[in-house]
Amino acid sequence: MSHKPTSRVPDPLTEEHLSLPAGSHFEVERESDSDKLAPVRVLRRNHPSDTIVAVRGVAVGGQELAIVAGPCAVETPQQLIAAAEHAAASGAHLLRGGAFKLRTSPYAFAGLGEAGLKLLSEARKISGLPVVTEVVDEESVLLAAAHVDMLQIGTRNMHNYVLLKQAAATGKPILLKRGMAATMSEFLQAAEYILAAGNSQVVLCERGIRTFSDFTRNTLDLNIVPALKQMTHLPVITDPSHGTGRRDLVIPMARASVAAGADGVLIEMHPDPERALSDGYQSLDPDEFSELVDSLARVASAVGRTVSRRGQ
Ligand code: PEP
Ligand code: MN
């Protein structure tokens, strides 16, 4: 039996109902036209070749893996510069660090704001690594766009469609994290918002989802990596730091991500994880990070990928 609505079903999405002036360009699709509502720009069937996202000259997607590394939060100049120098020396390609932190507790360190963005731009000059930071509202989008090379939309904001459009409008590449309870379709449609706003530079990041499993902070959903690679032409990376919430599991799950076809990984790395103001328990120290890059290079070659070591 077909459930397709007939023309007699009242449709509230009409110009008349919304009292729009005659002749106005009303381009919202009707719910009944499910084909038009489906994501179209993100789908590989409409764009067979892989999209390669360029972040100030660093390619994400394609043959070479992209390794994003840095502290959860920008804390001090010394902390960030140490992290940046180590990230570059060990072979990371992009530097991360949060200046606007969405913390579960309202009393936890919430980031340095604009001062943190200025430190990121300083760290880029010193390390040569392009920088990525999370944006949380319109003000942070505008500030971050002036200082950094890529804007991150975090798991808590994947469904914030207003923010997605504001970030897209900057023209900066976007690192879009999967909502912690988002389906693959919702994740792809969030990306579709950015592409529909005219910005095709989107990297998808699987960062772990909520499950009943209680030995990790989240469950890194590696199933979605090959599934996304089939469905979309956008690059896909994983974040085994938030995906596990456990330092001891980060290296194995980063290796597994690359084996599953991820185009890169995002890793929290802190010069002194024990003293980190956020997420220290899941942050690698510099030596562990070097070990990770070496071991990723071996997995990469087993699956026909490469890790460029320009930093060395
Ligand atoms: C982060 O990358 O620091 C972060 C807050 O990630 P998520 O939004 O995935 O929790
Ligand atoms: Mn974090």
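Everything in this summary refers to the structure shown in the same document. Everything numeric here is computed off the predicted structure, so don't read it as measured data. (Residues numbered from 1 in each chain as written. Chains lettered and ligands numbered in written order. Predicted model: local features only at pLDDT ≥ 70, side-chain atom pairs only at ≥ 80, totals over all residues. Heavy atoms only, no water.)

1. Here's the deal with the packing of helix α6 (residues 184-196) against helix α7 (residues 224-231)
Phase 1 of the analysis: Axis separation between α6 and α7 bottoms out at 12 Å; the angle between their running directions is 50°. One finds that α6 runs oblique with respect to α7. You can see that α6 and α7 cross each other, and the crossing is right-handed. Residues Met-184, Phe-187 and Leu-188 of α6 touch α7, and the partners they reach there are Ile-224, Ala-227, Leu-228 and Met-231.
Phase 2 of the analysis: Among the residues forming the contact of α6 with α7, the class breakdown is seven nonpolar, no polar and no charged. (Axes fitted to C-alpha atoms, helices over the stretch in contact; angles between N-to-C directions. Helix = DSSP H or I, 4+ residues; strand = E, 2+ residues; numbered from the N terminus. Parallel < 35°, antiparallel > 145°, perpendicular 65-115°, else oblique. Left-handed = near helix turned anticlockwise from the far one by under 90°. Contact = heavy atoms within 4.5 Å. Nonpolar A, V, L, I, M, F, W, Y, C, P; charged D, E, K, R; others polar.)

2. A word on the site of ligand 1
Phase 1 of the analysis: As a structural note, the neighbourhood of ligand 1 is formed by Cys-72, Arg-96, Lys-101, Glu-134, Gln-152, Gly-154, Thr-155, Arg-156, Lys-177, Arg-207, His-242 and Glu-268.
Phase 2 of the analysis: Relative to its free-state accessible area of 300 Å², ligand 1 is covered by the protein chains to the extent of 96%. (Near = heavy atom within 4 Å. Areas by Shrake-Rupley, 256 points an atom, 1.4 Å probe, with all protein chains shown as cover.)

3. Description of the side chain of Glu-75
Phase 1 of the analysis: Relative to the elements of secondary structure, Glu-75 occurs in the loop between β3 (66-70) and α2 (77-90).
Phase 2 of the analysis: Among buried charged residues, Glu-75 stands out as having no salt bridge; its nearest opposite-charge side chain is Arg-103, 7.8 Å away.
Phase 3 of the analysis: Polar side-chain contacts of Glu-75 include one of 3.1 Å to the side chain of His-270. (Buried < 20%, exposed > 50% of the residue type's maximum accessible area, 1.4 Å probe, protein only. Lys, Arg positive; Asp, Glu negative; His and termini not counted. Salt bridge = Lys/Arg side-chain N within 4 Å of Asp/Glu carboxyl O. Polar contact = N/O pair within 3.5 Å; in protein donor to acceptor, adjacent residues only side chain to side chain.)

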